[in-house]
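Observations on the three-dimensional arrangement
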Amino acid sequence: MEMIADFEKTELGKIEIAPEVIEVITGLAAAEVDGVAHMSGGFVGDIAERLGRKNLAKGVKVEVGKKEAAVDVYIIVKFGYKIPEVARNIQENVRHAIENMTGLKVVEVNVHIVDVEFRAEKKVEVEEPPHRVR
């Protein structure tokens, strides 16, 4: 259900927050969690990014009602991190960010781990001491 959240009516009119705003908040909050390598936008999203389009909502799907929101986050985790811990941290960070910035109640934050990023370790070359000529 993609609809514009209708939060509040004031004497000057109503305040609406587009679902795309919730997506950006979610993407930024998830990406700042330690252990998240990248957000995963799927094949099409990754191609668009390679073509130079930065998508702050990459890897995020939202459902927004009048008072509540549910989000799905698709991430790539860095190798060596505890996946359940990273996922819980994402859930908390995303919930906190959305609720504080929008006033919506977050009913679900579903975290989908789609890959693990392995970084090639840099080889440290040990220099041998110079040979002494006697």
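Residues numbered from 1 in each chain as written. Predicted model: local features only at pLDDT ≥ 70, side-chain atom pairs only at ≥ 80, totals over all residues. Heavy atoms only, no water.

Once that is clear, we can look at helix H3 (residues 83–102). The end-to-end C-alpha distance of H3 is 28 Å, a good match for the 28 Å that 20 residues give at a rise of 1.5 Å each. Every buried residue of H3 is listed here: Val86, Ala87, Ile90, Val94, Ala97, Ile98 and Thr102. One side of H3 holds all its buried residues, which, seen down the axis, span an arc of 105°. Exposed side of H3, more than 90 degrees from the buried face: Pro84, Arg88 and Asn100 are the residues found there. (Helix = DSSP H or I, 4+ residues; strand = E, 2+ residues; numbered from the N terminus. Expected span 1.5 Å × (residues − 1). Buried < 20%, exposed > 50% of the residue type's maximum accessible area, 1.4 Å probe, protein only. Arc of directions from axis to C-beta.)

With that out of the way, let us pick up the nonpolar core. Within soluble globular proteins, side chains that are nonpolar tend to cluster in buried spots. If you look at the biggest cluster of nonpolar residues, it comprises 26 residues, and the most contacted ones within it are Ile22, Val71, Val73, Ile75, Ile90, Val94 and Ile98. For this core, the secondary-structure elements that each account for two or more residues are helix H1 (19–31), strand E3 (36–39), strand E4 (60–64), strand E5 (68–78), H3 and strand E6 (105–117). Looking at which element gives the most residues to this core, the answer is H3, with six residues. Other than its neighbours up to four places away in sequence, valine 94 contacts Thr26, Ala29, Ala30, Val71 and Val109. (Core = buried A, V, L, I, M, F, W, Y, C linked by side-chain atoms within 4.5 Å. Contact = heavy atoms within 4.5 Å.)

Moving on, we come to the confidence of the model for the chain. Looking at the chain as a whole, the pLDDT averages 82, with 73% of positions reaching at least 70. When mean pLDDT is compared element by element in the chain, H3 scores highest at 97, while helix H2 (residues 42–50) scores lowest at 52. (pLDDT = per-residue confidence, 0-100.)

To continue, consider the pattern of salt bridges. If you walk through the whole model with that rule in mind, you get three salt bridges. Arginine 95 is the partner of glutamate 92 in a salt bridge, and the nearest nitrogen-oxygen pair spans 2.7 Å. Placement of both glutamate 92 and arginine 95 in helix H3 is noted, with a separation of three residues, approximately one turn of the helix. With relative accessibility at 31%, the residue arginine 95 sits in the partly exposed group. For the salt bridge of arginine 95 with glutamate 99, the shortest nitrogen-to-oxygen distance reads 3.2 Å. (Salt bridge = Lys/Arg side-chain N within 4 Å of Asp/Glu carboxyl O.)

As for its position among the elements, asparagine 110 is in strand E6. Residue class for asparagine 110 comes out partly exposed when judged on its relative accessible area of 27%. Each C-alpha atom of the pair asparagine 110 and valine 60 lies 9.9 Å from the other, and the pair is 50 residues apart in sequence. Ignoring sequence-local partners within four residues, the contact set of asparagine 110 consists of Val71, Asp72 and Val73. Of the polar contacts made by the side chain of asparagine 110, one reaches the side chain of aspartate 72; its length is 3.4 Å. (Polar contact = N/O pair within 3.5 Å; in protein donor to acceptor, adjacent residues only side chain to side chain.)

For the rest of this paragraph, the subject is H1. With 13 residues, H1 should reach 18 Å at 1.5 Å per residue; the first-to-last C-alpha distance of 18 Å fits that figure. Within the span of H1, buried status applies to Pro19, Ile22, Glu23, Ile25, Thr26, Gly27, Ala29 and Ala30. The secondary structure elements touched by the buried residues of H1 are strand E2 (13–17), E3, E4, E5 and H3.

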